[in-house]
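Residue-level structure breakdown
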Amino acid sequence: MAEGSRASSTKHENGSNYMMGHSASEAERLDRQHIFFRHVVDGHLLSPALGSAIQSGQIRRVLDIGTGTGIWCHEAAATLKEMDVPAPVKFVGIDIAENEHWKGHEDAYATVHFQVTDLNDEVGMSKLTEQFGQFDLINSRMMISAVPNGKWAAYIRRMFNLLRPGGYVQLFEADMINSNTGRSDDRTVAEALVITHAIYSGMGLDPETAVRLAGWLHQAGFTWVRDVAYWCNPVTRQADGSLKIDDILYQWHSTAYGVLKPLFLKVRTSPQYSRFLEKLPPQAINNLGGTSADALLANEADYEDFTRRHEAVLTSNPLYRTAFRLVIAQRPQ
Ligand SMILES: C[S@@+](CC[C@H](N)C(=O)[O-])C[C@H]1O[C@@H](n2cnc3c(N)ncnc32)[C@H](O)[C@@H]1O
């Protein structure tokens with residue numbers, strides 16, 4: 001597939017059942033979401049723990065798996081340039097579907113190339129090293145929705161094999177186990193967890209992905225595993241007692257449950273619905289005040305009521321917070 005070629009804005013012809021689909025509006029959502037993620041990690045698209053490897057010129061060939069619109073590749077390439085990493089650097093972004101935002105790029109400093117490759121295709125993935133050589137760094141951000149439950153360990157082994165000895169992985173995922181549970185006894189907050197757990201389990205995905213990444217990396221043979229939690233409080237209490245809303249955090253959390261609504265309503269009618277809630281953290285169950293989790297949110301009207309209450313929590317409850325994990329590791333030398 002040519003760099004920068006026009007994309008289909010419909011579902012990919014290979015039949016990928018990626019839960020968010022592929023449309024122009026989804027691409028715009030991903031670009032907006034990128035601004036949110038960049039804010040969550042304090043602007044560090046490349047983990048600060050990689051600083052000395054970057055400064056010493058060890059990161060010259062980078063793979064971004066599930067690149068979406070490719071925005072991470074372009075901004076990370078600009079970051080390396082600003083950090084004066086010696087040229088040339090090469091970025092390769094792969095995805096199951098072409099994206100109309102893809103713009104291949106080549107100048108004296110950096111090449112950014114995009115192509116369609118399925119991360120679950122063992123053969124297609126192994127061909128990447130024939131095409132580009134081994135990578136110094138692999139980035140994988142918010143791929144929880146792309147890797148089926150039970151396939152993460154194989155995905156991580158595949159990344160191991162694509163790296164040169166001494167190369168790094170950087171994984172970023174939403175932590176649905178710890179989000180909200182410890183800081184708020186609000187029932188609406190517990191319902192938010194019911195929604196996300198039901199959707200991810202019901203779609204054959206693993207809601208515990210973020211907290212299991214470090215273990216999978218160890219099992220695959222990675223060393224130097226660093227697992228850092230980033231917490232998001234959309235509203236915080238100031239020294240004078242007033243509440244302050246962080247606009248970027250608020251916007252993302254406010255729109256998230258609108259995006260998830262059709263997915264939830266679909267899994268809600270499944271005969272196995274109560275099984276999808278098995279991984280709910282105990283604290284979330286406590287916060288439901290005795291109501292069983294599988295009796296909640298029975299229909300669209302209940303869901304709408306939840307989104308109204310969630311909106312109020314977002315702007316008024318400084319205990320409400322969500323977590324993301326940035327996990328990096330190194331393939332041994
Ligand atoms: C939630 S988006 C994240 C996009 C990007 N990593 C980011 O953070 O902006 C997940 C991406 O994974 C892609 N994807 C889904 N299944 C895939 C597969 N089997 N192989 C490669 N990419 C896949 C989707 O097309 C989508 O672009």
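So, a few notes on the structure that sits alongside this text. Predicted model, so just to flag it, every value in this text is computed and none were measured.

Helix and strand counts for the protein stand at ten helices and ten strands. Its C-alpha radius of gyration of 20 Å places the protein within 12% of the 20 Å reference for a compact globule of 333 residues. In terms of principal-axis extent, the alpha carbons of the protein reach across some 60 × 50 × 40 Å. When each of the 333 residues of the protein is scored for burial, the buried share is 38%.

Quick look at the nonpolar core now. A76, F91 and I138 are the most contacted members of the largest nonpolar core, which has 76 residues in total. For this core, the leading source of residues is helix α6 (residues 187-202), giving nine residues.

The eight strands are arranged β3-β4-β2-β1-β5-β6-β10-β7 in an open sheet whose pairing can be described as mixed. The strands lining the two open edges of the sheet, one partner per strand, are β3 (105-106) and β7 (223-232). Here strand β1 (residues 61-65) runs beside strand β5 (residues 135-141); their pairing, made up of four bridges, is parallel. Among the inter-strand pairings, V62 is bridged to a residue of β5, identified as L137. Sitting on the sheet, helix α3 (residues 71-82) touches β1, β2 (89-95), β3, β4 (110-116) and β5, and the angle it makes with β2 is about 165°.

Attention now goes to the site of the ligand. Looking at the ligand, there are 20 residues lining it, with G66, G68, I96, R141 and A146 nearest. Residue composition of the shell around the ligand, by class: nine nonpolar, eight polar and three charged.

Once that is clear, we can look at the pairing of β4. Examined bridge by bridge, β2 and β4 share seven bridges and lie parallel to one another. Its bridge partner being in β4, K90 is matched across the sheet by T111. Across two bridges, β3 lies against β4 in antiparallel orientation. Residue pairing for β4: H105 is matched across the bridge by V112. In this antiparallel pair of consecutive strands, β3 and β4, the connection spans three residues.

What follows deals with the pairing of β1. Summarising burial for β1: five of the five residues are buried, a large majority. Neither face of β1 is open: one carries R61, L63 and I65, the other V62 and D64, and all of them are buried. Here β1 pairs with β2 via five bridges, running parallel. Paired with L63 across the two strands is V92, which belongs to β2.

The linkage connecting A87 with the following residue, P88, adopts the cis geometry, with an omega of -5°. Phi at D84 is positive, roughly 65°, even though this residue is not glycine. Of note, M142 is a non-glycine position whose phi angle comes to about 50°, a positive value. In this structure, M142 sits in the loop between β5 and α5 (152-162). A residue is classified by how many C-beta atoms lie within 10 Å of it, and M142, with 19 of them, is partly exposed.

With that settled, the discussion passes to the packing of α6 against helix α10 (residues 300-316). At a minimum axis separation of 9 Å, α6 and α10 run at an interaxial angle of 120°. One finds that α6 runs oblique with respect to α10. Considering only the axes of α6 and α10, their crossing is left-handed. In this structure, α6 contributes T188, V189, E191 and A192 to the contact, and α10 contributes F306, R309, H310 and V313. Residue composition of the contact of α6 with α10, grouped by class: four nonpolar, two polar and two charged.

The terminal C-alpha atoms of α3 lie 17 Å apart, and with twelve residues this matches the ideal 16 Å at 1.5 Å per residue to within 8%. Within the sequence span of α3, burial applies to I71, W72, C73, A76, A77 and L80. Summarising the contacts, the buried residues of α3 are in contact with α1 (24-40), α2 (51-55), β1, β2, β4 and β5. Following α3 by one or two positions, D84 adopts a phi angle in the positive range, close to 65°.

All right, on to the packing of helix α8 (residues 247-268) against α10 then. Packed helix pairs are characterised by how far apart their axes lie and by the angle those axes make with each other. Interhelical geometry of α8 versus α10 gives an angle of 170° and a closest axis separation of 10 Å. As far as their axial angle goes, α10 and α8 are roughly antiparallel. Judged by the twist between their axes, the crossing of α8 over α10 is right-handed. Contacts from Y250, H253, S254, Y257, G258, K261, F264 and L265 of α8 reach α10 at E300, Y303, T307, H310, E311 and L314.

Conventions adopted
Residues numbered from 1 in each chain as written. Predicted model: local features only at pLDDT ≥ 70, side-chain atom pairs only at ≥ 80, totals over all residues. Helix = DSSP H or I, 4+ residues; strand = E, 2+ residues; numbered from the N terminus. Rg over C-alpha atoms; globule rule 2.2 N^0.38 Å. Buried ≥ 20, exposed ≤ 12 C-beta atoms within 10 Å, placed from the backbone. Core = buried A, V, L, I, M, F, W, Y, C linked by C-beta atoms within 7 Å. Pairing = 2+ DSSP bridges. Contact = placed C-beta atoms within 7 Å. Axes fitted to C-alpha atoms, helices over the stretch in contact; angles between N-to-C directions. Near = placed C-beta within 6 Å. Nonpolar A, V, L, I, M, F, W, Y, C, P; charged D, E, K, R; others polar. Parallel < 35°, antiparallel > 145°, perpendicular 65-115°, else oblique. Left-handed = near helix turned anticlockwise from the far one by under 90°. Expected span 1.5 Å × (residues − 1).

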